[in-house]
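Survey of secondary and tertiary structure
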Amino acid sequence: MPENQNTQNAQTAQATDQIRRSDEEWRAQLSSEEYAVLRQAGTERPWTGEYVDTKTTGVYRCRACGAELFRSDTKFDSHCGWPSFWSPMAGDKVRLLEDRSFGTVRTEVRCARCDSHLGHVFEGEGYGTPTDQRFCINSVSLTLEPDEAAGTA
Ligand SMILES: [Zn+2]
């Protein structure tokens, strides 16, 4: 009888390091603006996000779970009103889903660790970046950690 329980626990623990929280927990943790974007796939208004024009060197983490998602060296000026990256960091940091809302087909970008909404990815727009992709990400979904903070400043 106890053997069954042990087996079950082992399987649960093994199920990756993904973060699962209830809706109530997310509401308690996030501001209403963060919640609307991260958990309800909302979009912040263009040019209003704090990282639209940021050039600071560092790593952009998921604001919901802290996972490292983007490096500043893949950020570029897209003039679209949102922070734009041509690639996420290596290692399946993000998950892509087909999004058919608003009568179009777009590709939604979510955090692979906590499944929070980050933004959308567009391809073939001719920006001249190495991937020809634009990860159009809401500032409110990200937290920038400047490189200096980790160093000896
Ligand atoms: Zn996350």
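Notes on the structure follow. The shown structure was predicted, so the numbers you read here are calculated from the model rather than taken from an experiment.

**With respect to the side chain of His117**
Within the secondary structure layout, His117 lies in strand 7 (residues 117-123). Engagement of the side chain of His117 in a polar contact is seen with the side chain of Glu108, the distance being 2.8 Å. Every residue in contact with His117, bar those within four places of it in the chain, is listed here: Val37, Leu38, Ala41, Gly42, Glu108, Val109, Arg110, Asn138 and Ser141.

**Examining the sheet that holds strand 7**
Spatially, the 6 strands line up as an open sheet ordered 3-4-8-7-6-5, and their pairing is antiparallel. In the strand order of this sheet, the two ends are held by strand 3 (75-76) and strand 5 (94-99), each with one partner. Summarising the sheet, strand 6 (residues 106-111) and strand 7 pair through 4 bridges and their orientation is antiparallel. Bridge pairing in strand 7 links Val109 to Gly119.

**A look at the coordination of the zinc ion**
The protein atoms donating to the zinc ion are Cys62 (SG), Cys65 (SG), Cys111 (SG) and Cys114 (SG), with metal-donor distances spanning 2.3 to 2.4 Å. Around the zinc ion, the 4 donor atoms sit at angles spanning 105 to 114 degrees, and that spread fits a shape best called tetrahedral.

**Thoughts on the pairing of strand 6**
Sheet analysis places strand 5 next to strand 6, joined by 6 bridges and oriented antiparallel. Its bridge partner being in strand 6, Val94 is matched across the sheet by Cys111. Where strand 5 hands over to strand 6, the hairpin turn is made up of 6 residues, of which Phe102 adopts a positive phi near 60 degrees.

**Section: the nonpolar core**
Across soluble globular proteins, nonpolar side chains show a tendency to be buried alongside one another. Grouped together as the largest cluster of nonpolar side chains are 24 residues, with contacts concentrated most on Leu69 and Phe70. Of all the secondary structure elements, the ones that give two or more residues to this core are helix 3 (32-38), strand 1 (58-62), strand 2 (68-71), strand 6, strand 7, strand 8 (133-137) and strand 9 (142-146). The contacts of Leu69, once residues within four sequence positions are left out, are Tyr60, Arg61, Cys62, Pro88, Met89, Lys93, Val94, Cys111, Leu118 and Leu142.

**What about the pattern of salt bridges?**
If you walk through the whole model with that rule in mind, you get 13 salt bridges. For the salt bridge of Glu34 with Arg63, the shortest nitrogen-to-oxygen distance reads 3.0 Å. Of this pair, Glu34 sits in helix 3 while Arg63 sits in the loop between strand 1 and strand 2, placing them 29 residues apart in sequence. Take Glu34: its relative accessible area is 13%, and that puts it in the buried class. Ionic pairing is found between Glu68 and Arg61, a salt bridge with its closest N-O pair at 3.3 Å.

The rules behind each value
- Residues numbered from 1 in each chain as written.
- Predicted model: local features only at pLDDT ≥ 70, side-chain atom pairs only at ≥ 80, totals over all residues.
- Heavy atoms only, no water.
- Helix = DSSP H or I, 4+ residues; strand = E, 2+ residues; numbered from the N terminus.
- Polar contact = N/O pair within 3.5 Å; in protein donor to acceptor, adjacent residues only side chain to side chain.
- Contact = heavy atoms within 4.5 Å.
- Pairing = 2+ DSSP bridges.
- Donors = N, O, S within 2.8 Å, 3.2 Å for Na, K, Ca; no water.
- Tetrahedral: all angles 85-135°; square planar, octahedral: opposite > 155°, others 65-115°.
- Core = buried A, V, L, I, M, F, W, Y, C linked by side-chain atoms within 4.5 Å.
- Buried < 20%, exposed > 50% of the residue type's maximum accessible area, 1.4 Å probe, protein only.
- Salt bridge = Lys/Arg side-chain N within 4 Å of Asp/Glu carboxyl O.

These results come straight from atomic positions and should not be treated as a statement about function.
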